[in-house]
Amino acid sequence: MSLGQGRHYLAIPGPSVMPDRVLAAMHRPAPNIYHGPLIDLVEGAVADLKSLARTQGDVAIYVCNGHGTWEAAIVNTLSAGDKVLVPTTGTFAVGWGEMAEAMGVDVEYLSFGKRDSVDPNALEERLRADTGHEIKAVMTTQVDTSTSVRNDVAALREAMDRAVHPALLMIDSIACFGCDRFDMDAWGVDVMVAGSQKGLMTPPGMGFVFFSEKAAAARENASLVTPYWDWRPRVNPDLFYEYFCGTAPTHHLYGLREALDMIAEEGSEAVFRRHAVLAEAVWAAFDTWGQGGPIELNVQDPQQRSHAVTSIRVGSEKATALRTWVEERAGLTLGIGLGMAAPGSPEWHHFFRLGHMGHVNAHMVLGALATIEAGLAAVGIEFAPGGVAAAAEVVAREA
Ligand SMILES: *Cc1c(COP(=O)(O)O)cnc(C)c1O
């Protein structure tokens, strides 16, 4: 039988759960796009986005998903034939690099596998070897959503500074903006890309490209840029429509405004803390279960784990059966394993992911974990009992 009737929980790493307040804010007639409240709303949202990213720099807003922001970041800073270095900790930095390659950029990948973050010393060493300063940018993820590896972005900048290398530092924070702290100016980040549908709790379809003065200067020599993706008019519009190079994404903007209000009401520090504690509860559950079976967290070092998403290795082909069980019998959707094994191979069924980004609280995470524990038992994955109790202890101690 199924016990799935009731409110469904989509616990995948994006799109994330949308708050009723965000949905309600979007449920209204189309506004005037020539004057009136929408114009003020955009100015306020730009200011709030910049303050959430802790930057005095600029943010260009695009009507696009995360992949669109990748392209925007590349074309505004690079020219065909430029060289970039892409340290990888999973699938997403590779995808960004491949996009640059397709546009004629010379991409060098520096792989750190699928379970560890970028080693700043290795980055420093590679940059020191680039004595002619051919590398124009270092592009990587803050959190790789496939592996759930989190990089220490400040440490990457320190490594670049030790190597006295002038490359731009470009960071994909799509997975974790609004969940994991991002301190753009203090960390010396030149370009950061984010999307609406993860930590910002708004439907997919709006992308954000933050950039520093140094990146703005690089724009002047970037020959890949095309009119639609040019970030200059978007951050310095003479006319309102230039913010978006066309019609504003009106209803996304209402949703975003509400989401930013919710973040402001809670306080960004409290938002980061909530994500950290909920992630710790998730880790406690899997660590406990893993004491009696092959199930384990993909990232071993807690310092290198995301607070927004967790990748799990089940140790057998039963991860797909588990996902199917919790979805059909209990109303919980988990994320597929991504980038860990070739689609169609038996190993592909060894992995799944749990998203805990954005509009999530203790009872949602504890409920998801209890449902997973039921699923482990139901599909015959070996585990030690007590995972949910361990997660509850974290919540009891920290809340
Ligand atoms: C989700 C995600 C993307 C892709 O975003 P889309 O909206 O699917 O294009 C890119 N990078 C990271 C780190 C992500 O989490």
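Worth saying up front: this structure is predicted, and the values here are computed from it rather than measured. (Residues numbered from 1 in each chain as written. Predicted model: local features only at pLDDT ≥ 70, side-chain atom pairs only at ≥ 80, totals over all residues. Heavy atoms only, no water.)

J.: Looking at this model, I keep getting lost on the packing of aromatic side chains. Mind explaining?
T.: Aromatic rings considered in pairs are described by the distance between their centres and by the relative angle of their planes. Across all of its chains, the model carries 11 aromatic pairs by this definition. Aromatic side chains Tyr-228 and Trp-229 sit 5.1 Å apart centroid to centroid with 90 degrees between the ring planes, which places their arrangement in the edge-to-face category. With a relative accessible area of 29%, Tyr-228 lands in the partly exposed category. Judged by its relative accessible area of 15%, Trp-229 is buried. Residues Phe-240 and Tyr-243 carry aromatic rings whose centres are separated by 5.6 Å and whose planes lie at 70 degrees to one another, so their mutual orientation is edge-to-face. Both residues of the pair, Phe-240 and Tyr-243, belong to the buried class. (Phe/Tyr/Trp six-rings, centres within 6.5 Å; stacked < 30°, edge-to-face > 60°. Buried < 20%, exposed > 50% of the residue type's maximum accessible area, 1.4 Å probe, protein only.)

J.: How should I be thinking about the pattern of salt bridges in this particular structure?
T.: Enumeration over the complete set of coordinates arrives at 22 salt bridges. In this structure, Glu-108 engages Lys-83 in a salt bridge whose closest nitrogen and oxygen atoms are separated by 2.9 Å. Within this pair, whereas Glu-108 is found in strand β4 (residues 106-111), its partner Lys-83 is found in strand β3 (residues 83-88), the two being separated by 25 residues in sequence. Judged by its relative accessible area of 15%, Lys-83 is buried. The partner of Asp-161 in a salt bridge is Arg-157, and the shortest N-O contact between them spans 3.4 Å. Pair noted here: Asp-161 and Arg-157 are both in helix α6 (residues 153-162), with a separation of four residues, about one helical turn. (Salt bridge = Lys/Arg side-chain N within 4 Å of Asp/Glu carboxyl O. Helix = DSSP H or I, 4+ residues; strand = E, 2+ residues; numbered from the N terminus.)

J.: Explain the site of the ligand to me, please; I cannot follow it from the model alone.
T.: Taken together, Asn-65, Gly-66, His-67, Trp-70, Phe-92, Val-143, Thr-145, Asp-172, Ile-174, Ala-175, Gln-197 and Lys-198 make up the full set of residues adjacent to the ligand. A distance of 2.8 Å is found between an oxygen atom of the ligand and a backbone nitrogen or oxygen belonging to Gly-66. Take Asp-172: an N or O atom from its side chain is 2.7 Å from a nitrogen atom of the ligand. The dominant element in the shell around the ligand, judged by the number of residues it contributes, is helix α3 (residues 66-77), at three residues. Classifying every residue of the shell around the ligand by side-chain character gives five nonpolar, five polar and two charged. (Near = heavy atom within 4 Å. Polar contact = N/O pair within 3.5 Å; in protein donor to acceptor, adjacent residues only side chain to side chain. Nonpolar A, V, L, I, M, F, W, Y, C, P; charged D, E, K, R; others polar.)

J.: Where do I start with unusual backbone geometry in this structure?
T.: Of all residues except glycine, most have a negative phi; of all peptide bonds, most are trans. In this chain, Gly-14 is followed by Pro-15 through a cis amide linkage whose omega measures 0 degrees. Along the chain, Pro-15 falls in the loop between β1 (9-11) and α1 (20-26). Not every positive phi belongs to a glycine, and His-133 is a case in point at roughly 55 degrees. With respect to the helices, strands and loops of the structure, His-133 is situated in the loop between α5 (120-129) and β5 (135-141). Given a relative accessible area of 32%, His-133 falls into the partly exposed group. Unlike most non-glycine residues, Ser-148 shows phi in positive territory, near 65 degrees. Overall, Ser-148 belongs to the buried group, its relative accessible area being 4%.

J.: Even after reading the chapter, I still don't get the sheet that holds strand β12 (residues 351-355), so can you show me in this structure?
T.: Strand pairing within a sheet occurs via backbone hydrogen bonds; the two strands may be parallel or antiparallel. The sheet built from five strands is open, its strands ordered β1-β11-β12-β10-β9 with mixed pairing. Both outer strands of the open sheet, β1 and β9 (296-297), are each paired with one neighbouring strand and no more. Here strand β10 (residues 309-313) runs beside β12; their pairing, made up of five bridges, is antiparallel. Directly across from Thr-310, in β12, lies its bridge partner Leu-354. (Pairing = 2+ DSSP bridges.)

J.: When you look at the sheet that holds strand β6 (residues 168-172) in this model, what are you seeing that I'm missing?
T.: Strand order in this open sheet of seven strands is β2-β8-β7-β6-β5-β3-β4, and the pairing throughout is mixed. Among the strands making up the open sheet, the edge pair consists of β2 (58-62) and β4. Each strand axis lies, on average, 20 degrees off the axis of its neighbour in the sheet, ignoring direction. Looking at chain direction, β5 and β6 are connected through five bridges and run parallel. When the sheet's bridge partners are listed, Thr-141 is paired in β6 with Asp-172. Here helix α4 (residues 91-102) sits on the sheet and contacts β3, β4, β5 and β6; the angle it forms with β4, its principal contact strand, is near 165 degrees. (Axes fitted to C-alpha atoms, helices over the stretch in contact; angles between N-to-C directions. Contact = heavy atoms within 4.5 Å.)

J.: How should I be thinking about helix α2 (residues 37-52) in this particular structure?
T.: Each α-helix turn comprises 3.6 residues. Residues three or four places apart therefore point the same way. With 16 residues, α2 extends 22 Å from end C-alpha to end C-alpha; this agrees with the ideal 22 Å at 1.5 Å per step. Among all positions in α2, only Leu-38, Ile-39, Leu-41, Val-42, Ala-45, Val-46, Leu-49 and Leu-52 are buried. The arc that holds the buried residues of α2, viewed along the axis, is 155 degrees, so those residues lie on one side. The exposed residues of α2 that point more than 90 degrees off its buried face are Pro-37 and Asp-40. Buried positions along α2 lie against β2, β8 (207-211), α10 (250-266) and α11 (268-289). Arg-54 occupies a position one or two residues after α2 and carries a positive phi of about 50 degrees. (Expected span 1.5 Å × (residues − 1). Arc of directions from axis to C-beta.)

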